[in-house]
Amino acid sequence: MAVARPVLKITGLHKRYDQLEVIGNLSLEVRKGEVLVVIGPSGCGKSTLLRCINGLETIQGGDIELNGQSIIVGHTRWNLVRQQIGMVFQSYDLFPHMTVLENILLGPMKAQGRERAEATKEAEAFLDRVGLLDRKDSFPRQLSGGQKQRVAIVRALCMNPEIMLFDEVTASLDPEMVREVLDVILGLAEQGMTMLIVTHEMAFARAVADKIVFMDQGSIVESAPPDIFFQNPVSDRARKFLNIFQFEGVKKEERHND
Amino acid sequence: MESAISIFLEGRNLARLMEGVWITLKISAASVLLSVVFGLLVGLLMISRKPALQAATRFYLEAIRVMPILVLLYMFYYLPDKNWGLHFEAQTVAIGVFTLWGTAEMADLVRGALTSMPAHQRESGRAIGLTEGQVNRYIIIPQAVRRLIPGVINLTTRMIKTTPFIYFISVPELLKVGQQIVEISGMKNNMASFWVYGFIFFLYFLMCYPISCFSAYLEKKWQN
Amino acid sequence: MIKSMKQMAVITLALALGLALGLAWAAPAALAAGELDKIKAAGKIRIGVYSDKPPFGYVDANGVNQGYDVYLAKRLAKDLLGDESKVEFVLVEAANRMEVLESNKVDLVLANFTVTADRAKQVDFCKPYMKVALGVVSPAKAPITDVAQLKGQTLIVNKGTTAEIYFAKNHPEVTLSKYDQNTEAFNALRDGRGVALAHDNTLVFAWINENPGFVAGIDFLGDLDSIAPAVKKGNNELLEWVNNEIVTLGQENFFHKDYEATLRPVYGDTIDPETVVIEGGVLK
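Everything numeric in this text was worked out from a predicted model, so none of it was measured.

1. Considerations on the overall build of chain C
For chain C, the count of helices and strands is 10 helices and 13 strands. The buried share of chain C, taken over its 284 residues, is 49%. Total accessible area computed for chain C in this model is approximately 13100 Å², and 54% of it derives from carbon and sulfur atoms.

Structural data, given as structure tokens:
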């Protein structure tokens, strides 16, 4: 891949809750069309990182640039910044009092001031792509978890963001629904969407990522292309972390030893 | 049955009962309206992060809750006149006291509706680029209103059912008028209390039932 | 938005408080003028009466105040202000008879107010215009005319009434059967669940008039209680005026006329007015 311009650039980020440092001096870049997957043990600060990027958390140091513009220095109008950043949460968080279509149209119409007809056309096209066009007039409670999460993704996409942030979007789903959501994200990757993904699905991470970023205790321990990272992690901590997912393999080895 | 009808046809009895209904409705409606307005404001104060405001509103709510309506009526009708020569119209005091009580209940409902809202609702509204005002208008308030409606309906019917207490400040509401009629008819007609209270029961039902129906309608509409 | 709404709330509350204080400030201080002059200046006397206690104070089917107390109230208005319509009736309850006086909601209470030492600490009673004692009602076929006849028998009373207290204290040999409601108690008498029923004689008289077959075998028993108008504690001017009025009215046998107009239709002709009426404020 040719070197593209960075869409997101984080330099020396610090995030503290009172005295507790959650992220310390973290820097990373996501280039246009690049898919970055952040993995790491629980509490390593990866979700907080995403929340800092779209201003749901204040930061105590460092800078975040979106398309070369700092969104930290000076007076940030977060609502305008967030229109360029699509974020999908673990718990979908659709608006329960609105239909699927209304959920999707709220941002384009109210935040971006777009025409209903035009926004509806786009929303329906996206819904069709994720296989939910026939559910556009349903209410969130009538949908399964996987369906809700696909709607949440469409809701973010419809803002035509520069970058999509995914925060453990399959963590609350029943196993049989995980796939349908991951397939949607894989589809986006194929189409060149710039994405920063936090996940625990290692196989998916390997398949979708251009680069894996391994975080522990609030900082990046190592980052590498997926094949290299998963086969030859450099750091001890990454190896230990990956071993957790290798439990099945250990048993097979024992059997061979018999 | 004939004797029952004669009770209501005698003199202005029926008209007097209707005047009682009017007083009951007037006082409840005014109190509920004011309670909703003030309750929203006080409710927002209750979720304030300022400890002093929280403590003050909490104290207000608890104080009003433990105070029987009769005591409140006494405090605002008899006490000011007794101590400072201040006289307020009895019906004004009734509306004031019911509003004081309704505001406390309403504020607690508002607080409950807002704090029970998952924080993520606000965040996902922000995440699609809405301003704080838009988040409140399109996401928080519509959901809060839906959560509030059953409580408001409940408060309204409770208000209507609590109006008989204003006999204590000499306001002849429906139930008192009923008692007056029963007492003068009771000597001649053993069934007077049965018919009069039966009719009053029916009138209370007529006042409360449409409100319950409206509530059920809204719930169904929002449930779809 | 939330912030500005909170500010609005604070401002609204502050305004409401300010308004309330302002009203308090603007309220005229009580005039130092004489109480009678104040009533005359107002052009009406405010009298607290019952609205649901026939035949003493009640509202008739046309919504007009009537009764023994109301008859007197109208006469007081006539003599003080020259017109019996210059009275404003304020409906009172047993529960707020004291409060309406203490807080100036009325000038006078005429609500079948029994004089007791406790009450006299909070309000001032005028001379009495009526008396009440206990009456014992029994079936005409087996009349009870003497308390001695009740020995070992069941007597029906209402809980908490003077009748219950009197018999429990003075006649432990009588078995008491106690009820909460008046109607329950009288029904028990009809059903023969007791040989007789004891209650205020004024109530007993009214009941037997509607229920032939029963008599007030004993029409006057126990401690005699007097019923009097009450004024706010310290309102001596009005107290004296009412006392003089009661004496003067006695000279024209006013309270017997009151009895004829309001109580006889309810009590019938068998009752002696002297068991109820006090003339000229003198309790005999």
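2. Some thoughts on helix H9 (residues 236-244) of chain A
Residue and element names in this part refer to chain A. Taken together, the buried positions of H9 are Ala 238, Phe 241 and Leu 242. The buried residues of H9 occupy an angular sector of 95° when the element is viewed end-on, so they sit on one face. The exposed residues of H9 that point more than 90 degrees off its buried face are Asp 236, Lys 240 and Ile 244. The elements touched by buried residues of H9 are strand E3 (35-39), helix H7 (202-208), strand E9 (211-216), strand E10 (219-224) and helix H8 (226-231).

3. As for the interface of chain A and chain B
Listed per partner, the contact involves 25 residues of chain A and 20 residues of chain B. Here chain A packs against chain B, burying approximately 1900 Å² in sum over the two surfaces, 57% of which is carbon and sulfur. Across the chain A-chain B interface, the total number found is 1 salt bridge. The closest approach of N and O atoms between Glu 123 of chain B and Arg 51 of chain A, which form a salt bridge, is 2.6 Å.

4. Brief notes about the sheet that holds E9 of chain A
Sheet strands pair by backbone hydrogen bonding; their relative direction is either parallel or antiparallel. Residues and elements named next belong to chain A. One open sheet holds the 6 strands; their spatial order is E6-E7-E8-E3-E9-E10, and the pairing between them is mixed. If you trace the sheet from one side to the other, it starts and ends with strand E6 (85-88) and E10, each paired once. Neighbour-to-neighbour, the strand axes of the sheet open up by a mean angle of 20°, direction not taken into account. As judged from the 5 bridges shared by E9 and E10, these two strands associate in the antiparallel manner.

5. Looking at the pattern of salt bridges
Note on pairing: side chains with opposite charge can pair once their charged atoms come close. Applying the stated criterion across every chain yields a total of 40 salt bridges over all chains. A salt bridge links Arg 51 of chain A to Glu 57 of chain A, with the nearest nitrogen and oxygen atoms 2.9 Å apart. Each member of the pair Arg 51 of chain A and Glu 57 of chain A is classed as buried. Note that Asp 124 of chain C is salt-bridged to Lys 233 of chain C, the shortest N-O span being 2.8 Å. Placement of the pair is Asp 124 of chain C in strand E7 (residues 123-125) and Lys 233 of chain C in the loop between strand E13 (230-232) and helix H9 (236-251), with a sequence separation of 109 residues. Sharing partners across several salt bridges, the network here consists of Arg 65, Glu 105, Asp 108, Arg 111 and Arg 158 of chain B.

6. Things to note about the domain arrangement of chain C
Residue and element names in this part refer to chain C. When the domains of chain C are assigned, the result is domain 1 (35-129 + 228-275) and domain 2 (132-225). Every contact between the two is made by 8 residues of domain 1 and, on the other side, 9 residues of domain 2. In this assembly, domain 1 packs against domain 2 so that about 760 Å² is buried in total across both faces, 63% of it on carbon and sulfur atoms. Per-residue buried area on domain 1 facing domain 2 is highest for Tyr 267, Ile 271 and Thr 275; these three make up 58% of the total on that side. Connecting domain 1 to domain 2 are 0 salt bridges. On inspection of domain 1 and its partner domain 2, the count reaches 2 residue pairs in polar contact (both at pLDDT 80 or more). Grouping the constituent residues of the side of domain 1 that touches domain 2 by class yields 5 nonpolar, 3 polar and no charged.

7. A few points about the arrangement of the chains
The interface with the most contacts, out of 2 pairs of chains in contact, is the one formed by chains B and C. Chain C makes no contact with chain A, the minimum C-alpha separation between the two being 14 Å.

8. Details of the pairing of strand E1 (residues 6-17) of chain A
Residues and elements named next belong to chain A. Bridge analysis of E1 against strand E2 (residues 20-31) gives 8 bridges, and the strand direction is antiparallel. Counted as the bridge partner of Leu 8 is Val 30 from E2. Taking the residues between adjacent antiparallel strands as the criterion, E1 and E2 are bridged by 2 residues, where Asp 18 takes a positive phi near 55°. Note that E1 and strand E4 (residues 61-66) share 5 bridges and pair antiparallel. Pairing of His 14 across the sheet is with Gly 61, part of E4.

9. Points about unusual backbone geometry
With glycine set apart, most residues show a phi of negative sign, and most peptide bonds adopt trans. Looking along the chain, the bond that leaves Pro 54 of chain C and enters Pro 55 of chain C is cis, with omega of 5°. Relative to the assigned elements, Pro 55 of chain C resides in the loop between strand E2 (52-53) and strand E3 (57-59). We note that Tyr 92 of chain A has phi near 55°; this positive angle belongs to a residue other than glycine. Position of Tyr 92 of chain A relative to the elements: it lies in the loop between E6 and helix H3 (100-111).

10. Points about the packing of aromatic side chains
A full pass over the atoms with the stated rule returns 22 aromatic pairs over all chains. Ring geometry for Tyr 167 of chain B against Phe 168 of chain B: centres 6.4 Å apart, planes inclined by 75°, an arrangement best described as edge-to-face. The exposure class assigned to Tyr 167 of chain B is partly exposed, which follows from its relative accessible area of 23%. Residues Phe 186 of chain C and Trp 207 of chain C carry aromatic rings whose centres are separated by 4.5 Å and whose planes lie at 25° to one another, so their mutual orientation is stacked. On the criterion of sequence distance, the pair formed by Phe 186 of chain C in helix H7 (residues 182-190) and Trp 207 of chain C in helix H8 (residues 201-210) is long-range, its members being 21 residues apart. In this pair, the class of Phe 186 of chain C matches that of Trp 207 of chain C, namely buried. Three or more aromatic residues link up through ring pairs in this structure, and these residues are Tyr 74, Tyr 77, Tyr 78, Tyr 167 and Phe 168 of chain B. Over the aromatic face of Phe 95 of chain A sits the side chain of Arg 155 of chain A, whose NZ or CZ is 4.5 Å from the ring centroid.

What counts as what
Residues numbered from 1 in each chain as written. Chains lettered and ligands numbered in written order. Predicted model: local features only at pLDDT ≥ 70, side-chain atom pairs only at ≥ 80, totals over all residues. Heavy atoms only, no water. Helix = DSSP H or I, 4+ residues; strand = E, 2+ residues; numbered from the N terminus. Buried < 20%, exposed > 50% of the residue type's maximum accessible area, 1.4 Å probe, protein only. Areas by Shrake-Rupley, 256 points an atom, 1.4 Å probe, with all protein chains shown as cover. Arc of directions from axis to C-beta. Contact = heavy atoms within 4.5 Å. Buried area = accessible area lost by both parts, 1.4 Å probe. Salt bridge = Lys/Arg side-chain N within 4 Å of Asp/Glu carboxyl O. Pairing = 2+ DSSP bridges. Axes fitted to C-alpha atoms, helices over the stretch in contact; angles between N-to-C directions. Domains from an automatic or database assignment. Polar contact = N/O pair within 3.5 Å; in protein donor to acceptor, adjacent residues only side chain to side chain. Nonpolar A, V, L, I, M, F, W, Y, C, P; charged D, E, K, R; others polar. Phe/Tyr/Trp six-rings, centres within 6.5 Å; stacked < 30°, edge-to-face > 60°. Lys NZ or Arg CZ within 6 Å of the ring centre and 35° of its normal.

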